[in-house]
Amino acid sequence: MARIAVIGAGMGAMAAAARLAVAGHRVTVYERTETYGGALRRFERDGFAFDTGPGLLPLPAVWRDLFVKTGREPLEECVGLVQVDPSSRHLFADGTEVAVPNASRAGVVTALDEALGRGAGQRWGDFLVRARDAWDRTRRPLLEEPLWPDWRVLGEREPYPALPHKRLLRTRRAGTLAEIGAWELRDARLAALLESHALACGLDPRRTPASAAVLPYMEHAFGTWYVRGGLRELAAAVHERCRARGVEFRFGAEVTGITEKDGRAAGVELADGTAAEADHVVAGVAPGVLDRLLGGAPVRGDGEVPPQRGTASRLTVLLALRGARPAGTAHRTVVHTPDREAELESLFGAAPRPAARPTVTVLRPDDPRLVPDAEHEAVTLTAVVPARPGAGGREHAEELITAAERAVPGLRDRLLWHEVRTPADVEAATGAADGAVPPPALAAAGGRLLHPSNGTRLGGLFTVGGWSHPGGGLPHAGMSGALVAGLIVEGPGFRGSR
Ligand SMILES: Cc1cc2nc3c(=O)[nH]c(=O)nc-3n(C[C@H](O)[C@H](O)[C@H](O)COP(=O)(O)OP(=O)(O)OC[C@H]3O[C@@H](n4cnc5c(N)ncnc54)[C@H](O)[C@@H]3O)c2cc1C
């Protein structure tokens, strides 16, 4: 039995902790705040409740697997998992709208044909077939296996089989999401639908490689899911599973240093001046935090994937509305910006700042646990903002509310109060500088969008969660927990559990 110190009680770290405890290790989680879940927080007031982190769950199989491997009760017995249908409703810049059915290719093709004109559905359906090829080629290395030592191969190869595009005398193939939109989808609204998947991860679709086609594919193939009571319930269930398997949690316990002995990680130092010895240390924190814990010593060797520092955060506005949620309301509506170029330039240009007219995701869960009674509705608005000091402050909340009026008729008349969550709040919850939120790992782009491996330069020190392979987002962070547990239990030869 080894002693394992886990830094942070984020979702990736807790996934690793539960698996390591089941493997017979003595696991202690040190969390600087007073609660578990990291980004998965909840805000409650006057009988209303809101997720302040992610509000939907892609690929629940990752968490189902955790619950299968760590105990008797399957995930479905611990939380209420429901599929969201339609998967999302899109309100485009030109006024057209479409509700995209959940996980049904025929349904999606028909809906897009009806909303955007004949042929649009077929073009999207054909795109999804190519996106599936990209998924099949990257699923193992970018989700299920430890990062390949020859990771450069992943950065060099574009797994998306782009169509040849003849232009003047040249034949080219789409290398970015924006080019897939322009050359293969050939409809500004389909392009906006595609690009919204990258933007939701804080990525610039003009620079995001075509391999990001896996993002809409994952949603299409595996569905969009909601956890009753809010996503925070998933964090509570994982925390409970950890405790049931003997994981010890120490809250209000900020780790201030990782100790080394004979070239190996040997334990952690805490802000209260105490120290704890450990045979392995698992750090589920952002790269800047990890640097500090090691006193600036390099965490990664030469030739390894460097950490991403994170350029995008989220601005979230929580709306308490009087009046019932109308029957048939879509759970998620994406209100697209009326000016794509301006939005992308604001967010990703030379002087990053919040967009004046942002793309806004509106979540309207059908969940009595989030409202005081059936005569009220809890609505959450989210927009991507730069992760920069002072950027994305509460003064931009009005822009989100204005955009959301398109999705929620009579919004301002119904508004009882609103609460704003800024990047500073994200930083408070996760510790990541300026509230940066990590995107999932993606292939191609020279490896720029990969995350560092879970093993480090220092023997016995592993990294887990959204800032490590395979990157940010709930499924990916959950997989990082499985990978770290595998690497500790089976050793460096571990090549993935599926
Ligand atoms: C507003 C918002 C919206 C998001 N939306 C989505 C979405 O739609 N879809 C999606 O898939 N993902 C989304 N994400 C990202 C997703 O929530 C994370 O990638 C996922 O939860 C993984 O988190 P993690 O394991 O990296 O831990 P984190 O959530 O980053 O938590 C890190 C933990 O470590 C603790 N910690 C930090 N420093 C120390 C220290 N020195 N000592 C002890 N503890 C420390 C922190 O307090 C925190 O609890 C969103 C995130 C945010 C903030």
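Everything numeric here is computed off the predicted structure, so don't read it as measured data.

(A) Highlighting the layout of surface pockets. Quantified by volume, the second largest pocket comes out at close to 440 Å³. As for the second largest pocket, its lining consists of 22 residues, of which Gly202, Arg207, Thr311, Phe348 and Arg448 are closest to the centre. For the lining of the second largest pocket, the residue count by class is eleven nonpolar, six polar and five charged.

(B) Structural detail: the nonpolar core. Met11, Leu57, Trp63, Trp124, Phe127, Ile180 and Val282 are the most contacted members of the largest nonpolar core, which has 98 residues in total. Top element by residues in this core is helix α1 (residues 11–22). It accounts for nine residues. Two domains each provide a minimum of three residues to this core, namely domain 1 (3–42 + 229–307 + 440–490) and domain 2 (103–222). Not counting residues up to four positions away in its chain, the partners in contact with tryptophan 63 are Met11, Ala15, Leu57, Leu75, Leu234, Val238, Leu474, Pro475 and Gly478. In this structure, Ile258, Ala265, Leu270 and Ala436 belong to the second largest nonpolar core, which totals 26 residues.

(C) Up close: the state of the cysteines. A full pass over the atoms with the stated rule returns zero disulfides. Here cysteine 242 is not cross-linked by a disulfide; its sulfur's nearest cysteine counterpart is in cysteine 78, at 12 Å. Relative accessible area serves as the criterion here: at 0%, cysteine 242 is assigned to the buried category.

(D) Looking closely at the packing of helix α2 (residues 61–70) against helix α10 (residues 232–244). Remark: α2 packs on α10, axes separated minimally by 11 Å, with the N-to-C direction vectors making an angle of 20°. With respect to α10, the axis of α2 lies roughly parallel. Every pair of crossing elements has a handedness; the one defined by α2 and α10 is left-handed. The segment α2 lies against α10, with Trp63, Leu66, Phe67 and Thr70 engaging Leu234, Ala237, Val238 and Arg241.

(E) Expanded view of the side chain of threonine 176. Position of threonine 176 among the secondary structure elements: in the loop between β10 (170–173) and α7 (177–185). Residue classification places threonine 176 among the buried positions, given a relative accessible area of 14%.

(F) Quick look at the packing of aromatic side chains. Taken as a whole and judged by the stated rule, the model has ten aromatic pairs. Pairing phenylalanine 48 with tryptophan 417 gives two aromatic rings, centres 5.6 Å apart and planes at 80°, and the pair type is edge-to-face. Of this pair, phenylalanine 48 sits in strand β4 (residues 48–51) while tryptophan 417 sits in strand β21 (residues 415–421), placing them 369 residues apart in sequence. Since its relative accessible area comes to 3%, phenylalanine 48 is described here as buried. The exposure class assigned to tryptophan 417 is buried, which follows from its relative accessible area of 11%. Seen in terms of ring centroids, phenylalanine 50 and tryptophan 417 are 6.1 Å apart; in terms of plane orientation they differ by 70°. Their pairing is edge-to-face. Linking phenylalanine 50 in strand β4 with tryptophan 417 in strand β21, this pair joins segments that are 367 residues apart in sequence.

Criteria and cut-off values
Here the residue index of a chain counts from 1 through its sequence in written order. Thresholds applied to this predicted model are a pLDDT of at least 70 for local features of residues and 80 or more for the giving and counting of side-chain atom pairs; totals over whole chains, interfaces and linings are not thresholded and use all residues. Each side-chain value is worked out from all heavy atoms of the structure, with water and hydrogens disregarded. Cavity means a closed set of points on a 1 Å grid over the protein atoms alone, one where a 1.4 Å probe fits but cannot get out, pocket means an open set with protein on both sides within 12 Å along at least 5 of 7 lines, and lining means a residue has an atom within 4 Å of a point. Grid points are joined across faces, edges and corners, and a volume is the space filled by probe spheres set on the points. Ten residues, namely Ala, Val, Leu, Ile, Met, Phe, Trp, Tyr, Cys and Pro, are considered nonpolar, four, namely Asp, Glu, Lys and Arg, are considered charged, and the remaining ones, Gly among them, are considered polar. We define a nonpolar core as any set of buried Ala, Val, Leu, Ile, Met, Phe, Trp, Tyr and Cys residues linked to one another through side-chain atoms lying within 4.5 Å. Here's how the labels work: a residue is buried when its accessible area is under 20% of the maximum for its type, exposed when over 50%, partly exposed in between, all with a 1.4 Å probe on protein chains only. The helix count covers DSSP runs of H or I at least four residues long, the strand count covers runs of E at least two residues long, and both are numbered beginning at the N terminus. Note: domain ranges come from an automatic or database domain assignment. Note on contacts: a residue pair is in contact if any heavy atoms of the two residues lie within 4.5 Å. The criterion for a disulfide is a pair of cysteine sulfur atoms lying within 2.5 Å. Only the contacting stretch of a helix is used when fitting its axis, a line to C-alpha atoms as for every element, and angles between N-to-C directions run 0 to 180 degrees. Each angle receives one of four descriptions, namely roughly parallel if under 35 degrees, roughly antiparallel if over 145, roughly perpendicular if within 65 to 115, and oblique otherwise. The crossing is said to be left-handed when, going from far helix to near helix, the turn is anticlockwise and less than a right angle, and right-handed when the turn is clockwise. The pairing test for Phe, Tyr and Trp rings, Trp by its six-membered ring, is centres within 6.5 Å, and the orientation test on the planes gives stacked under 30 degrees, edge-to-face over 60, and tilted for anything in between.

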